[in-house]
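Analysis of the macromolecular model
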Amino acid sequence: MDKMKKDFTPTLLDFGPLQIYLARHFGFCYGVENAIEIAFKTVEENPGKRIFLLSEMIHNPQVNADLQAHGIEFLQDTYGKTLIPFEVVKPDDIVLIPAFGTTLEIEKKLTETGIRTEKYNTTCPFVEKVWNRSEAIAQKNYTVVIHGKPKHEETRATFSHAASNAPAVIVKDMEQTKELAKYITGEKPSSLFYEEFKGQYSEGFDAQKDLEQIGVVNQTTMLASDTQAIADYLKQTMVMKYKLTVSAIEEHFADTRDTLCYATNDNQTAVTGMLETRADLAIVVGGYNSSNTSHLVELCEQKLPVYFINDEKKILSSKEILHYNFHIKEEILTNNYLPEKYPIKILLTSGASCPDALVEGIIKKLAGFYFAGSRAEEMIKQFE
Ligand code: SF4
């Protein structure tokens, strides 16, 4: 009903003593739905064939477990560590490329094995858009600065594509961006760059010459405000170093907008809209290694207590919840997470790789604590 996506107010699910505010946009994105559909279709159409996935299809444990239950095997873990050696793959096997895309090196390896990667490639078009953007920057002789998590599959893939066209370097956050800026201004000698940015720059990178002209792209699931701040900081660094007037900025800094995907933008804006409602706590659902989900948590934690869970089972009871603290990368147990007040207001959202069924399960579980389980069933029917 809101085709132009102008309304970011959450949907109120009113159970009387429990009020759940569901983010206007949440959960599965186009890229993830597309990838899952291709994966299951591939299984259906190829009985008896060995089917591999390069790594996790998406960052969601339930979806990955489901794929494995259908006989799909993973060649690598999410950090690129080998689970099954590539040598095991034979030309008549099928290898699916996940939604994050993959590096040119891996693509080459598979092609050399005789695997037709193009047929079972589920790379999201929004990731490909970033590759195209970095190629466009590279053609104008800019170095590509990638704001992303260096170990994330998508950033590794984007880095590989960018590095095939131009010098490239990854910055993971503002702290690293400020250090990179010191090499631009000359505050730090370029000889220190190689150790400090080890594993994050392309082969043959010249820290003196290759930081004179830069452009920024980002992993599609970063926090919009972080990417904006990073691009602004680097732009300002260039303006000061080269004493640039507004019309001359492009001589040293490519004019690009962020390369976040629509789902990241929609889900983040919906969380910002949801946070305008005063509530007691927030629950964010998604895989613990999901980048876009952790950013939704980051937005919520600025305002209220937030519980990051990957399953309804993590809600142990109305008193105890097991939830993930992504800062320390650990699951922790919290007691008395539901304050004793009526009505209690809970904000709820989920990441782009989280099936809606998980959100539904959480709504039903919470409603059950307030003897409103049957109302939950009725309410869900309205949306079917
Ligand atoms: S989060 Fe965005 S880029 Fe990633 S798969 Fe979904 S739509 Fe594609």
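Presented here is an overview of the structure given in this document. (Residues numbered from 1 in each chain as written. Predicted model: local features only at pLDDT ≥ 70, side-chain atom pairs only at ≥ 80, totals over all residues. Heavy atoms only, no water.)

As a further point, take the overall build of the protein chain. A count of helical and extended segments in the protein chain gives 12 helices and 13 strands. Compactness check: the protein chain gives a C-alpha radius of gyration of 23 Å against a globular reference of 21 Å for 384 residues, within 12% of the reference. Here the protein chain, with 384 residues, has 52% of them falling under the buried criterion. Within the protein chain, contacts between residues at least 6 apart in sequence are counted, and of these 68% link residues at least 24 apart. Approximately 18500 Å² of the protein chain is accessible, and the part contributed by carbon and sulfur atoms is 51%. For the protein chain, the centre of its 41 positive side-chain charges and the centre of its 54 negative side-chain charges are spaced 2 Å apart. (Helix = DSSP H or I, 4+ residues; strand = E, 2+ residues; numbered from the N terminus. Rg over C-alpha atoms; globule rule 2.2 N^0.38 Å. Buried < 20%, exposed > 50% of the residue type's maximum accessible area, 1.4 Å probe, protein only. Contact = heavy atoms within 4.5 Å. Areas by Shrake-Rupley, 256 points an atom, 1.4 Å probe, with all protein chains shown as cover. Lys, Arg positive; Asp, Glu negative; His and termini not counted. Charge placed at Lys NZ, Arg CZ, Asp CG, Glu CD.)

All right, on to the packing of aromatic side chains then. With the rule as written, the count across this model stands at 14 aromatic pairs. Arranged with centres 5.5 Å apart and planes meeting at 90°, the rings of Tyr183 and Phe193 form a pair that is edge-to-face. Remark: Phe193 occurs in helix 7 (residues 193-196) and Tyr183 occurs in helix 6 (residues 174-185); sequence separation between them is 10 residues. Here Tyr183 and Phe193 have matching classes, each one buried. (Phe/Tyr/Trp six-rings, centres within 6.5 Å; stacked < 30°, edge-to-face > 60°.)

Attention shifts here to the sheet that holds strand 8 (residues 214-218). Paired through backbone hydrogen bonds, the strands of a sheet run either parallel or antiparallel to each other. Strand order across the open sheet formed by 3 strands is 7-6-8, with parallel pairing between neighbours. Lying at the two open borders of the sheet, with one neighbouring strand each, are strand 7 (168-171) and strand 8. Put simply, the sheet's adjacent strands are angled 25° from each other on average, direction ignored. Pairing of strand 6 (residues 143-147) with strand 7 involves 4 bridges; the strand directions are parallel. Bridge assignment links Val144 to a residue of strand 7, and that residue is Ala168. Along the sheet, helix 4 (residues 125-139) contacts strand 6 and strand 8; its crossing angle with strand 8, the most-contacted strand, is approximately 180°. Packed onto the sheet, helix 6 meets strand 6, strand 7 and strand 8 and runs at close to 140° relative to strand 7. (Pairing = 2+ DSSP bridges. Axes fitted to C-alpha atoms, helices over the stretch in contact; angles between N-to-C directions.)

Quick look at the site of the ligand now. For the ligand, the full set of nearby residues is Cys29, Gly31, Cys124, Phe126, Val127, Thr220, Thr221, Cys261 and Tyr262. Residue composition of the shell around the ligand, by class: 6 nonpolar, 3 polar and no charged. (Near = heavy atom within 4 Å. Nonpolar A, V, L, I, M, F, W, Y, C, P; charged D, E, K, R; others polar.)

With 15 residues, helix 4 should cover 21 Å at 1.5 Å per step; its first-to-last C-alpha distance of 21 Å lies within 8% of that length. Its buried side turned inward, helix 4 meets strand 6, helix 5 (153-163) and strand 8. A positive phi of about 70° marks Asn141, the residue just after helix 4. (Expected span 1.5 Å × (residues − 1).)

Turning our attention to the pairing of strand 7. Burial along strand 7 is two-sided: Ala168 and Ile170 and Val169 and Val171, pointing in opposite directions, are all buried. At this point the chain moves from strand 6, through helix 5, to the parallel strand 7, and the crossover so formed is right-handed. (Right-handed = clockwise from strand over helix to strand, strands pointing away.)

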